[in-house]
Amino acid sequence: MSAGPSSAGPPGAIRPVSPLLPEPAEIVEKRSFGADLHAFRLRLLDPAARPRFDFQPGQFNMVYVPGVGEVAISISSDPDDADLEHTIRIVGRTTAVIERLGPGDVLGLRGPYGNGWPLQEARFKDVLVVTGGLGCAPVSGAIDYMFRRRASYGHITVLHGVKKPADLVHASRFEAWRRQPDTTVVLTTDQPDRVWRDRTGVVTEHFEEVELDPSRTVVLICGPEVMMRYAIRILRRRGVSDDRIFVSLERNMHCAVGWCGHCQLGPEFVCKDGPIFPVRRLGRFFGVHGL
Amino acid sequence: MSHRRAEEPTPRWLARAELPRLVAALRAHGHRVLGPVVHEGSLRFDDLPASGELPGGWRDEQGPGRYRVSRRAGEEEVFGVVNGAGSIKPFVFAPREPLLQIEMDARAGPGRPFRAEPIRPDAERIALLGVRACDLAALAVQDRIFLRDRFPDPSYAARRGRLFLVAVGCTRAAPTCFCASMDTGPRPHAGFDLALTELGSGGPGGTAGFVARAGSEAGAALLAALALDAAPAEALAGEEAGYQACAAGMQRALPRERLPGLLYDHLEHPRWDEVAERCLSCANCTLVCPTCFCHDVRDEPALDLQGSVRVRQWSSCFDVEHAQVHGLNFRPHIRERYRQWLVHKLASWIDQFGSSGCVGCGRCITWCPVGIDLTEEVAAIAATSPP
Ligand SMILES: Cc1cc2nc3c(=O)[nH]c(=O)nc-3n(C[C@H](O)[C@H](O)[C@H](O)COP(=O)(O)OP(=O)(O)OC[C@H]3O[C@@H](n4cnc5c(N)ncnc54)[C@H](O)[C@@H]3O)c2cc1C
Ligand code: SF4
Ligand code: SF4
Ligand code: FES
């Protein structure tokens, strides 16, 4: 049927391709850290699709298991690597199926979505990374990125808190970071056991011992929102401006493209406006309970 | 599809008895024609009978939590019912829509290679007859989300591009309506192919009919094909008077100029606790709302596990699991979910899409089982905060 004279349709050209289409990728390596955290190195079956997946640390992909579901997972590899890596914690329905997969198996990927950490703006400045609980996946790729380009950053401080020592997965990584020049790593736990050698208490209790020049420090925070709020309060007291404090938020996500409405926080869509926000931008919407 | 507006069209006169000619002309252009049909006690868009006739004389009675339609003796209007629960939203943003077809190879278990193909909706050419100004405004709001944002949605675009919209302006408002305060009605301003105003008199010899205006090339071509006379001056005067009386008589309003600030300044307010005592979190308000766009996307695997379909389905910010992530629910209480709905509709929507998420259709008031009225909720908050 001919289109006929144009009716009062919407203006603007429409891209015919669905942004929801997953791209098959093969697992080429699986590394396990403890029982329920696994890093999957993935290679797109169609190498020509790789340029579309160029990303900044902090951005995420939707990882798809056909017939099961799709989950938002940060990209933990280096942007210069040919393969893409996702470090996935097994918590529920979809991730439980991902846990059973290994080399040779195929997953779907679409992305990258959202924005990255401000790693360009942070060049030649000091960087303080504050992470808490189990939610450090979105920031560990950023730390690796800076160490791979060590000369471009000033003093790097990593403050990491866990509830119990067993939650400190990937411990060797912290040890490796600790051995780097001009670097401070502070590990702490709420519930120390007899072999725990680092600090005790929650992560925010250890801010005092961190030397920090507010005029040349960029802060990256990732973890439970209560921890982030405490950390922000202390950082403000120490003179760090809200423009230099960045948080990575987590919300329910069904689409990652701004359609499904699940990921909203006030006026922000965490999927397309975040997941990383300068605290200044969130303003009054960060810290209101139940928003 | 380009939006080319026709030259400022001469308003035409369509006698009421000639409405079937319009329907026939739309059908001749390949459209399936749907119009307001009373069905099981409410109004909905449904196929018009072969005759192209719409029964006259139906009227609605609406109030918070209350809706009745009945046939009135002595009334002849064919567009006498202002609106029903169903807006035109389902014709573009389908309540349930398969998006992707996934084919897997024969090997058992997850992790198999797969192919994913987009499913294009089999979009019919649909002409909707009797679209109110509020619903046209709501369609423009949804266009901003699904077509003009960073990622345009091909399924929505396919349906949207095949719609032919015949608007009908309102000369009578329901008590729940407040489009005038939202600047979206009662007169349809843009986004239609044809716009009609129904008048009980004003035609030659005081007859009943419609002032008809074209809003697009397709609309102008259709009007030209009907070879109608220009609308008489009395009809144009009657039309104008009808719109003014309708707007002036509206019983509800929102203080649009105080939004979004009023709600942003009161993210904590005792009224949220108070409304949470009444709200059932049933999600009716979001389902009837012509702008709400929240949905879930899920896999529906085939029984033989050789394939799966990714399906999008309407959901609601009132669903318990809407803001749930692993181990944490950001909005566990009704207080927080009602606040999300209202603050999003009336405030954050403006930051996100440059317009309010509310067009003043009043459906959420009528179809709330306990009669919660958003204009009253806003007024209660405003009362504690003089401008
Ligand atoms: C931007 C972003 C980056 C993330 N990066 C990582 C990462 O690098 N590594 C990692 O292990 N996890 C990450 N997560 C969390 C991860 O998405 C969830 O753990 C995962 O969705 C849980 O899915 P599930 O089906 O196994 O769990 P279930 O509890 O069965 O979840 C069912 C559904 O709820 C929703 N959901 C549940 N939890 C979350 C959550 N935390 N965030 C968003 N949606 C959720 C999803 O729609 C999911 O399909 C990230 C989340 C976001 C938003
Ligand atoms: S919020 Fe209520 S009045 Fe406003 S557009 Fe939605 S249903 Fe209509
Ligand atoms: S406001 Fe009314 S319609 Fe909306 S969820 Fe609450 S009870 Fe249901
Ligand atoms: S994840 Fe769907 S709108 Fe953000």
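Residues numbered from 1 in each chain as written. Chains lettered and ligands numbered in written order. Predicted model: local features only at pLDDT ≥ 70, side-chain atom pairs only at ≥ 80, totals over all residues. Heavy atoms only, no water.

**Regarding the sheet that holds strand 13 (residues 307–314) of chain B**
All names here are of chain B. The four strands are arranged 7-6-13-12 in an open sheet whose pairing can be described as antiparallel. Whereas interior strands pair on both sides, the edge strands pair on one side only; in this sheet they are strand 7 (114–118) and strand 12 (295–301). The sheet shows a mean angle of 25° between the axes of neighbouring strands, taken without regard to direction. By the bridge criterion, seven bridges tie strand 6 (residues 96–104) to strand 13 in an arrangement that is antiparallel. (Pairing = 2+ DSSP bridges. Helix = DSSP H or I, 4+ residues; strand = E, 2+ residues; numbered from the N terminus. Axes fitted to C-alpha atoms, helices over the stretch in contact; angles between N-to-C directions.)

**Remarks on the site of ligand 2**
All names here are of chain B. Taken together, 13 residues sit near ligand 2, with C289, C358, C361, G362 and C364 positioned nearest. Taken together, the elements giving at least two residues each to the shell around ligand 2 come down to helix 10 (334–353) and helix 11 (363–366). For the shell around ligand 2, the residue count by class is nine nonpolar, two polar and two charged. (Near = heavy atom within 4 Å. Nonpolar A, V, L, I, M, F, W, Y, C, P; charged D, E, K, R; others polar.)

**Considering the packing of helix 10 of chain B against helix 12 (residues 374–383) of chain B**
Residue and element names in this part refer to chain B. Running from amino to carboxyl end, helix 10 crosses helix 12 at an angle of 90°, the nearest separation of the two axes being 12 Å. On the basis of the axis angle, helix 10 is roughly perpendicular to helix 12. Only L374, E377 and V378 of helix 12 make contact with helix 10, whose side of the interface consists of Y338, L342 and L346. Residue composition of the contact of helix 10 with helix 12, by class: five nonpolar, no polar and one charged. (Parallel < 35°, antiparallel > 145°, perpendicular 65-115°, else oblique. Contact = heavy atoms within 4.5 Å.)

**Let's talk about the confidence of the model for chain B**
Residues and elements named next belong to chain B. Looking at chain B as a whole, its pLDDT mean stands at 93, while 98% of the residues score no less than 70. Overall, residues 1–6 carries pLDDT values under 50, and its contacts beyond four positions in sequence, including any with other chains, amount to 23 contacts. The ipTM value of the predicted complex is 0.92, and its pTM value is 0.93. (pLDDT = per-residue confidence, 0-100.)

**Notes on the side chain of B:D135**
By the secondary structure assignment, B:D135 is in helix 2 (residues 133–146). A distance of 2.9 Å separates polar atoms of two side chains, one belonging to B:D135 and the other to B:R363. (Polar contact = N/O pair within 3.5 Å; in protein donor to acceptor, adjacent residues only side chain to side chain.)

**Side note on the packing of aromatic side chains**
Each aromatic ring pair is characterised by the separation of its centres together with the angle its planes make. Here the structure, examined in full by the defined rule, presents 21 aromatic pairs over all chains. Ring centres 4.9 Å apart and planes at 75° place the aromatic pair A:F285 and B:Y264 in the edge-to-face group. Within this pair, whereas A:F285 is found in the segment after helix 6 (279–282), its partner B:Y264 is found in helix 7 (residues 261–264), the two belonging to separate chains. One exposure class covers both A:F285 and B:Y264, and it is buried. Judged by centre distance (6.4 Å) and plane angle (50°), the rings of B:W272 and B:Y338 are tilted. Of this pair, B:W272 sits in helix 8 (residues 270–278) while B:Y338 sits in helix 10; the two residues are 66 residues apart in sequence, bridging distant segments of the chain. Grouping residues by exposure puts B:W272 and B:Y338 together as buried. Pairwise contacts between aromatic rings join A:W259, B:F93, B:F146, B:Y156 and B:W314 into one cluster. (Phe/Tyr/Trp six-rings, centres within 6.5 Å; stacked < 30°, edge-to-face > 60°. Buried < 20%, exposed > 50% of the residue type's maximum accessible area, 1.4 Å probe, protein only.)

**What to know about the site of ligand 1**
Near ligand 1 you find 23 residues, and of these A:A72, A:R89, A:T95, A:E250 and B:H326 are the closest. Taking A:T87, its main chain carries an N or O atom lying 2.9 Å from a nitrogen atom of ligand 1. Note that an oxygen atom of ligand 1 is positioned 3.1 Å from one of the backbone N or O atoms of A:G92. Summarising the interface, the protein chains cover 85% of the accessible area of ligand 1, which totals 830 Å² for the free molecule. Counting residues per element, the shell around ligand 1 draws most heavily on strand 4 (residues 69–74) of chain A, which supplies five residues. A per-class count over the shell around ligand 1 returns 10 nonpolar, eight polar and five charged. (Areas by Shrake-Rupley, 256 points an atom, 1.4 Å probe, with all protein chains shown as cover.)

**A short note on the sheet that holds strand 10 (residues 199–200) of chain A**
Residue and element names in this part refer to chain A. Read from one edge of the open sheet, seven strands run 10-9-8-7-11-12-15, paired in mixed fashion. The open sheet has two edge strands with one neighbour each: strand 10 and strand 15 (276–278). The pairing of strand 7 (residues 126–132) with strand 8 (residues 156–162) spans six bridges and is classified as parallel. Residue pairing in the sheet places V127 in a bridge with I156 of strand 8. Across the face of the sheet, helix 2 (residues 137–148) comes into contact with strand 7, strand 8, strand 9 (183–189), strand 11 (217–222) and strand 12 (245–248) while running at roughly 155° to strand 7.

**Concerning the packing of helix 8 of chain B against helix 12 of chain B**
What describes two packed helices is the angle between their axes and the distance between those same axes. Residues and elements named next belong to chain B. Interhelical geometry of helix 8 versus helix 12 gives an angle of 155° and a closest axis separation of 10 Å. Overall, the two elements helix 8 and helix 12 adopt an arrangement that is roughly antiparallel. Judged by the sense of rotation from one axis to the other, the crossing of helix 8 with helix 12 is right-handed. Within the contact between the two elements, helix 8 uses R271, W272, E274, V275 and R278 and helix 12 uses E376, E377, A380 and I381. (Left-handed = near helix turned anticlockwise from the far one by under 90°.)

**Quick look at helix 5 (residues 217–226) of chain B**
Residue and element names in this part refer to chain B. Looking at helix 5, one finds that the buried residues are A218, G219, L222, L223 and L226. Seen along its axis, helix 5 keeps its buried residues to an arc of 135°; they face one direction. Those residues of helix 5 that are exposed and aimed more than 90 degrees away from the buried face are A224 and A225. Where helix 5 terminates, the next one or two residues include A227, which has phi positive at roughly 50°. (Arc of directions from axis to C-beta.)

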